[in-house]
Amino acid sequence: MSIESYYLKLSEPLKFEAVSRARLNNVFFDECHNQVFSVQSGEMTEIIVRCPPSHVRSFKMKEKGPVISIKFNFSQNILAVQRTSSCVEFIHFQEGNQFVEFSHPCKSKNAKILGFVWMSASDIVYVTDQGVELCQVEATKCQVKMTKSLAMTVNWFLFCHHSSILLLSSGNLGNTVQPIFIKQGNLHKLPRFEVEMSGVPRSQKLVVEERDAVVGIVYGQPRVLVLRHQSTSNHQGAQVFIYTIKKMSTVKKTHILNLGRSGRFALSIVDNLIFVHHQASKTSLMFDIGLEAECDGSVYYHSPVMPPQPIRGENAELYSSNWIMFSPNVVIDAKIGCLWYLELELEHISKLVHSKSFLIEFFMLRANSKEYILRELREATQSLNQNLEELALVFDKLNAVYRQKLLQNVKWQLASPVSAVDSQVSESSLVTRVVIDQSDMYTNVLSKMADFINEDSPPRNRKLAMWVLLEYVRSLTDHQIPVQHYLHELVINSLILNKAYYQLHQLLQYFVVSDSKPLACLLLSLENLYPPAHQLALDMLHRLNTASQEITEVLLSKHQILPALRYAIESENEDQLSGRKFLELAQATEDKLVFYAVSTYFEAKRASVNGSVPSLR
């Protein structure tokens, strides 16, 4: 397999003290703050805390036994340490030094603490096998007070700090899931759901374990991803069920990812993409729930959007059995003491996909991808082998998103709802896409076609450029987006160079091209190439109703003195006329009748007493 064939890579590693029995060193990871704790036991317990990119903090504590879990609060001044299943110790730091120690047990009798989560600088959640306890830590008073609690049997838990959702597994088989939204010191129970089982379990062993689930944010919504290893009657191989939490009020199964294989898997979320890592084949499968997929009315069924590819990493054993994945995109190998982030490599994805339409649609869903979209558009618009129908489809996809953005801006500015049709489209859109507007297209794509539309270019190149410009303007018009004048200039120049005068006349006559003074001036400059452009320009200026002076000047430049004077009178613009200029031009014609008519008009105008304006006969 080519070294270029990958779409995920490992970041530069954060190195830490590896797990070692000989040195009594253990490692813990805090997902909320991306902190790695190296805990080395001895006469004193030495703690080294590392946080990307290079922050290091170290201190020592009294040796009190093995550490089960260790985390700092949000202010990094209270350290919580769990050594037993019934109690958590707290160490208050002031100015980096340990100030005071105190502890707090769980309140439920005979309960075992499965773990804890800091919610703020002072709020902490205990998760026990009998429920949840929300406590407030007052370090200055060495007190911990329980403020809220929730009783239920718990097998395991997950927490997503981005959404403040705590996920609890309950039931004998572990397939009953209770999401809890923690906000402002309250525990809000969301609707519980059950993960479907294929067939009857042969034992009372948990069918859904902690390593099979991930809770995270995908396309702006909290999602619960559950890996199901059993094959069903309709699908061979494992699947990933996705449950979407909508508006923190409902939970519904919305997507199923068909893996088409079995074995050991791990899940990651990178840039709204879901990656399923398969250890046996040492490859990763990419899924994008933002793309269209087959739907049975309520659930969307997805296949990998690209062929499986291995992760790229330097000096690392890829897909090692020692790898531990943390949500959303952290990989830790505690045996060698390395932490990596999974990073999406857009540059290499373009080499794996040959369809411009699909590739651009895929890129529109990715963060920081505008430069890649514009590059693909440049290549497509300058390729003589490009499928023009596909390019037209790309323009329509770009401008559908562009229109939605314009409508949102108008709605925000006017603080009023958009039309019913547009609101339906907006509500049905699950994701935010990259917007490519006219300015982006002009600066980075269409103006780059200059090599195609100069006089020395082959006719085929010029025709391609003309078609691209017309098609993009067509797409803007179909989506009811006003076309900017600089695009019209490009279109008209392209038509003139291709001697497509009939098409130009049609565009102007049927107002496909919007009227503007800059465009009229461009038409005037094209008179030598296409004589009717002069009259088209005058008609455009007249329709604008704000260019009477310009029209008068254009007529005078053509020595059409009497028509210029009549137009000025009809447009009530005669007060701004220069009699001297008209007389000089009339005299230059050496036509006595014209000079007589002009001089008679201005003499009568000066002689007028009541302010009435004489007529020109």
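Data block above holds the structure.
Our subject in this report is the structure included herewith.

The rules behind each value
Residues numbered from 1 in each chain as written. Predicted model: local features only at pLDDT ≥ 70, side-chain atom pairs only at ≥ 80, totals over all residues. Heavy atoms only, no water. Helix = DSSP H or I, 4+ residues; strand = E, 2+ residues; numbered from the N terminus. Rg over C-alpha atoms; globule rule 2.2 N^0.38 Å. Buried < 20%, exposed > 50% of the residue type's maximum accessible area, 1.4 Å probe, protein only. Contact = heavy atoms within 4.5 Å. Pairing = 2+ DSSP bridges. Axes fitted to C-alpha atoms, helices over the stretch in contact; angles between N-to-C directions. 1 Å grid on protein atoms, 1.4 Å probe; cavity = no way out; pocket = protein on both sides within 12 Å on 5 of 7 lines; lining within 4 Å. Points joined across faces, edges and corners; volume = space filled by probe spheres on them. Nonpolar A, V, L, I, M, F, W, Y, C, P; charged D, E, K, R; others polar. Core = buried A, V, L, I, M, F, W, Y, C linked by side-chain atoms within 4.5 Å. Disulfide = S-S within 2.5 Å. Parallel < 35°, antiparallel > 145°, perpendicular 65-115°, else oblique. Left-handed = near helix turned anticlockwise from the far one by under 90°. Polar contact = N/O pair within 3.5 Å; in protein donor to acceptor, adjacent residues only side chain to side chain.

**Here we look at the overall build of the chain**
A count of helical and extended segments in the chain gives 15 helices and 31 strands. The C-alpha radius of gyration of the chain comes to 36 Å, more than 25% above the 25 Å expected for a compact globule of 617 residues. Here the C-alpha coordinates of the chain stretch approximately 115 × 55 × 45 Å along the principal axes. Counting all 617 residues of the chain, 49% fall into the buried class. Summarising the internal contacts of the chain: among those between residues at least 6 apart in sequence, 51% fall at separations of at least 24.

**Brief notes about the sheet that holds strand E14 (residues 143-151)**
To summarise the sheet geometry, strands pair through backbone hydrogen bonds and adopt either a parallel or an antiparallel arrangement. Ordered by their spatial adjacency, four strands build an open sheet running E11-E12-E13-E14, and the pairing between neighbours is antiparallel. The open sheet is flanked by strand E11 (113-118) and E14, the only strands paired with a single partner. Direction aside, the axes of adjacent strands within the sheet are offset by 25° on average. Bridge count between strand E13 (residues 131-138) and E14: eight bridges; the pairing is antiparallel. Its bridge partner being in E14, Val137 is matched across the sheet by Val144.

**What about the pairing of strand E22 (residues 239-246)?**
Burial analysis of E22 places seven of its eight residues in the buried class, the great majority of the element. Alignment of strand E21 (residues 221-228) against E22, held across six bridges, turns out to be antiparallel. For Val226, the partnering residue across the bridge sits in E22 and is Phe241. Bridging between E22 and strand E23 (residues 250-258) involves eight bridges; their strand directions are antiparallel. Within E23, the residue paired with Thr244 across the bridge is Lys252. In this structure, the hairpin formed by E22 and E23 is closed by a connection of three residues, where Lys247 is found at a positive phi of approximately 55°.

**Details of the side chain of Glu376**
Note that Glu376 resides in helix H3 (residues 370-381). Judged by its relative accessible area of 3%, Glu376 falls in the buried class. Leave out the neighbours within four places in its chain, and Glu376 touches Ser350, Lys356, Leu359, Ile360 and Phe363.

**Considerations on helix H12 (residues 548-557)**
In an α-helix, one full turn covers 3.6 residues, which means residues spaced three or four apart are oriented alike. Among all positions of H12, only Ile551, Thr552, Val554, Leu555 and Leu556 are buried. Those residues of H12 that are buried lie in contact with helix H10 (517-525), helix H11 (532-544), helix H13 (561-570) and helix H14 (579-588). The first or second residue beyond H12 is His559, which carries a positive phi of 60°.

**Things to note about the layout of surface pockets**
Size it by volume and the largest pocket reaches roughly 1500 Å³. Along the walls of the largest pocket sit 48 residues, with Glu31, Glu210, Ile324, Met325 and Phe326 positioned nearest its centre. Secondary structure elements with two or more residues in the lining of the largest pocket: strand E3 (25-30), strand E7 (69-72), E11, strand E15 (156-160), strand E20 (213-218), strand E24 (265-270), strand E25 (273-278) and strand E29 (323-326). Looking at which element gives the most residues to the lining of the largest pocket, the answer is E3, with five residues. Grouping the constituent residues of the lining of the largest pocket by class yields 27 nonpolar, 13 polar and eight charged.

**Regarding the nonpolar core**
Among the nonpolar cores identified, the biggest contains 94 residues, and Ile349, Leu377, Leu398 and Leu446 are the most heavily contacted of them. Tallying contributions element by element places helix H7 (residues 459-478) first for this core, with eight residues. Excluding anything up to four places from it in sequence, Leu446 contacts Met441, Val468, Leu469, Tyr472, Leu487 and Leu490. Residues Val207, Val224, Val251 and Val299 belong to the second largest nonpolar core, which totals 23 residues.

**Considering empty space enclosed by the protein**
The gaps of empty space that remain are located by a probe, the size of a water molecule, rolled over the atoms. All chains considered together, the criterion is met by two cavities of 30 Å³ or more. Reported here for the largest cavity is a volume of approximately 60 Å³. Considering the residues around the largest cavity, the lining is formed by Glu31, Phe159, Cys160, His161, His162, Val215, Ser327 and Pro328. Estimated volume of the second largest cavity: approximately 30 Å³. For the lining of the second largest cavity, a count of residues per class yields four nonpolar, one polar and two charged.

**Here's the deal with the state of the cysteines**
Taken as a whole and assessed by the stated rule, the structure comprises zero disulfides. Cys87 provides the cysteine sulfur closest to Cys106, a residue in no disulfide bond, and the two sulfurs are 8.4 Å apart. Cys142 takes part in no disulfide bond, and the closest cysteine sulfur to it belongs to Cys87, at a distance of 14 Å. By relative accessible area, which is 34% here, Cys142 ends up partly exposed.

**What to know about the packing of H11 against H12**
Contact geometry of H11 with H12 gives a least axis separation of 9 Å together with a crossing angle of 155°. Viewed along their axes, H11 and H12 adopt a mutual orientation that is roughly antiparallel. The hand of the H11/H12 crossing is left-handed. Between H11 and H12, the residues in contact are His534, Leu538, Leu541 and His542 and Glu550, Ile551, Val554 and Leu555, respectively. Tallied by class, the residues present in the contact of H11 with H12 amount to five nonpolar, two polar and one charged.

**Here we look at the packing of H7 against helix H8 (residues 485-497)**
When two helices pack together, their arrangement is captured by the angle between the axes and the distance separating the axes. For the pair H7 and H8, interaxial distance at closest approach is 9 Å and the crossing angle is 145°. Handedness of the crossing formed by H7 with H8: left-handed. Contacts between H7 and H8 involve Arg462, Ala465, Met466, Leu469, Leu470, Tyr472, Val473 and Leu476 from the first element and Leu487, Leu490, Val491, Ser494, Leu495 and Leu497 from the second. Residues of the contact of H7 with H8, tallied by class, amount to twelve nonpolar, one polar and one charged.

**Here we look at the side chain of Thr244**
Position of Thr244 among the secondary structure elements: in strand E22. Classification of Thr244 as buried rests on a relative accessible area of 1%. At 2.8 Å, the side chain of Thr244 and the side chain of Arg223 are in polar contact. Residue contacts for Thr244: discarding those within four places in its chain leaves Gln221, Pro222, Arg223, Thr250, Val251, Lys252 and Thr254.

**Some thoughts on the pairing of E29**
Where E29 meets strand E30 (residues 330-333), four bridges bridge the pair, whose relative direction is antiparallel. Following the sheet pairing, Phe326 is matched in E30 by Val330. Taking the residues between adjacent antiparallel strands as the criterion, E29 and E30 are bridged by three residues.

**Re the sheet that holds strand E28 (residues 300-302)**
One open sheet holds the six strands; their spatial order is E20-E21-E22-E23-E28-E27, and the pairing between them is mixed. Both outer strands of the open sheet, E20 and strand E27 (294-295), are each paired with one neighbouring strand and no more.

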